[in-house]
Amino acid sequence: MAENVIIKKEDAEHIDFFGKADMNHHGNVGSEMPSWYFKQHKEELKNNIDSLDASLSRGEIAEDKKPGAIADLKKMRTKLDLINESEPRLEGKQQDIVANVSSSLGKKISSAMFTRSDMMRGTADAHEEARRMADPCIRLTSEEVALARKAGCRITNDGMVSRTDAERTWKLCRRINGETSNTEILRKP
C-alpha cells in the first residue's frame with residue numbers, strides 16, 4: 001500500500017463481511033465466520049448441485065421422488081446464490097483499507113504469539129497463551145475497530161480485543177484479498 005494513502009474510519013465502515021446468507025431467522029449473524037469464507041463448503045455445495053442436476057437430467061431419480069429433488073435443487077441453488085452475493089467485492093480505497101488493516105493486525109497478532117521455538121520446547125506458558133486468546137490484549141486503531149466490529153468481534157471501550165478476535169478480523173481481510181489466512185504464518189521462529 002502506498003505510504004501517502006489516508007484511510008478514514010468512515011471508509012472502513014462501508015465494508016461488510018456478512019451478507020444475507022449469514023443471517024439467522026431473527027435477522028442476526030448466525031456464525032463467527034461468513035459463509036463465503038469457507039471455499040471448500042461452497043465447492044461442495046456446487047458439486048452437490050451439479051450432481052443432482054445431472055441425475056435429474058439423466059432420469060436417474062424415480063418419478064415419485066422428482067418433486068422433492070427439484071425442490072432440493074432449487075434450495076441449494078438459492079443458497080449458493082446468496083453465498084456468492086454476500087462475498088465482499090472491494091474496489092480502490094476499500095482494498096487499501098483491508099490491506100492496511102491486514103498488515104497492521106498481522107504485526108500485532110505476531111507480537112502476541114509465543115515463538116515457534118518456545119512452543120516446541122514447551123517453555124510457552126499455557127495460562128498466558130489462554131489469557132491472550134480470551135482476554136483483550138491487542139489495541140486497535142479506529143480503522144481496525146471499524147472492521148473488527150463488522151467481523152462481529154467483542155471490543156472494549158478503549159479499543160482492545162482478544163487475540164482470537166484480532167485473528168478473526170485478520171483472517172477475513174486476508175481471505176477477501178485472496179491470501180492465505182492461516183495465522184501460524186505470523187508466528188516467529
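Higher on the page you've got the structure.
Now for a quick tour of the structure. Just so we're clear, the structure is a prediction, and the values are computed from it rather than from any experiment. (Residues numbered from 1 in each chain as written. Predicted model: local features only at pLDDT ≥ 70, side-chain atom pairs only at ≥ 80, totals over all residues. Heavy atoms only, no water.)

### Focus on the nonpolar core
In terms of nonpolar packing, the biggest core is built from 38 residues, with Phe17 and Ile109 touching the most fellow members. At the level of elements, helix 2 (39–57), helix 3 (66–86), helix 4 (93–111), helix 7 (142–150) and helix 8 (163–176) are the ones that each hand at least two residues to this core. Each residue touching phenylalanine 17, except ones within four places of it in the same chain, is listed here: Asp22, Pro34, Trp36, Ser86, Pro88, Leu147, Lys150, Ala151, Leu172, Cys173 and Ile176. (Core = buried A, V, L, I, M, F, W, Y, C linked by side-chain atoms within 4.5 Å. Buried < 20%, exposed > 50% of the residue type's maximum accessible area, 1.4 Å probe, protein only. Helix = DSSP H or I, 4+ residues; strand = E, 2+ residues; numbered from the N terminus. Contact = heavy atoms within 4.5 Å.)

### Concerning helix 2
Here helix 2 is 19 residues long and its end C-alpha atoms lie 27 Å apart, about the 27 Å a rise of 1.5 Å per residue gives. Structurally, helix 2 contributes buried residues whose contacts are with helix 3. Within two residues after helix 2, glycine 59 carries a phi angle of roughly 75°, on the positive side. (Expected span 1.5 Å × (residues − 1).)

### What to know about the pattern of salt bridges
Across all of its chains, the model carries 18 salt bridges by this definition. In this structure, arginine 77 and aspartate 53 form a salt bridge, with 3.3 Å as the shortest nitrogen-oxygen distance. Of this pair, arginine 77 sits in helix 3 while aspartate 53 sits in helix 2; the two residues are 24 residues apart in sequence, bridging distant segments of the chain. Residue class for arginine 77 comes out partly exposed when judged on its relative accessible area of 37%. (Salt bridge = Lys/Arg side-chain N within 4 Å of Asp/Glu carboxyl O.)

### Brief notes about the packing of aromatic side chains
Under the counting rule described, the total for this entry stands at two aromatic pairs. For the ring pair tryptophan 36 and tyrosine 37, a centre distance of 6.4 Å and an interplane angle of 65° mean the geometry is edge-to-face. Residue tryptophan 36 shares its accessibility class with tyrosine 37, and that shared class is buried. Note on tyrosine 37 and phenylalanine 38: the rings are 5.3 Å apart at their centroids and 85° apart in plane angle, and the pair reads as edge-to-face. Under the relative-accessibility criterion, tyrosine 37 is labelled buried at 9%. Residue classification places phenylalanine 38 among the partly exposed residues on the basis of a relative accessible area of 33%. The structure contains a cluster of three or more aromatic residues connected by ring pairs, namely Trp36, Tyr37 and Phe38. Over the aromatic face of phenylalanine 114 sits the side chain of arginine 132, whose NZ or CZ is 4.4 Å from the ring centroid. Above the face of the tyrosine 37 ring, arginine 175 is positioned so that its terminal group lies 4.2 Å from the ring centre. (Phe/Tyr/Trp six-rings, centres within 6.5 Å; stacked < 30°, edge-to-face > 60°. Lys NZ or Arg CZ within 6 Å of the ring centre and 35° of its normal.)

### Examining the state of the cysteines
Disulfides are covalent bonds that connect the sulfur atoms of two cysteines. This structure, assessed with the given rule, holds zero disulfides. Cysteine 153 takes part in no disulfide bond, and the closest cysteine sulfur, belonging to cysteine 173, lies 9.8 Å away. With a relative accessible area of 11%, cysteine 153 lands in the buried category. (Disulfide = S-S within 2.5 Å.)

### Considerations on the side chain of arginine 168
You can see arginine 168 is positioned in helix 8. Within polar-contact distance, the side chain of arginine 168 engages the backbone oxygen of glycine 152 at 3.1 Å. Within the structure, arginine 168 has its side chain in polar contact with the side chain of aspartate 165 (distance 3.0 Å). In this view, arginine 168 contacts Glu32, Met33, Ala151, Gly152 and Cys153; residues no more than four positions away in its chain are not counted. (Polar contact = N/O pair within 3.5 Å; in protein donor to acceptor, adjacent residues only side chain to side chain.)

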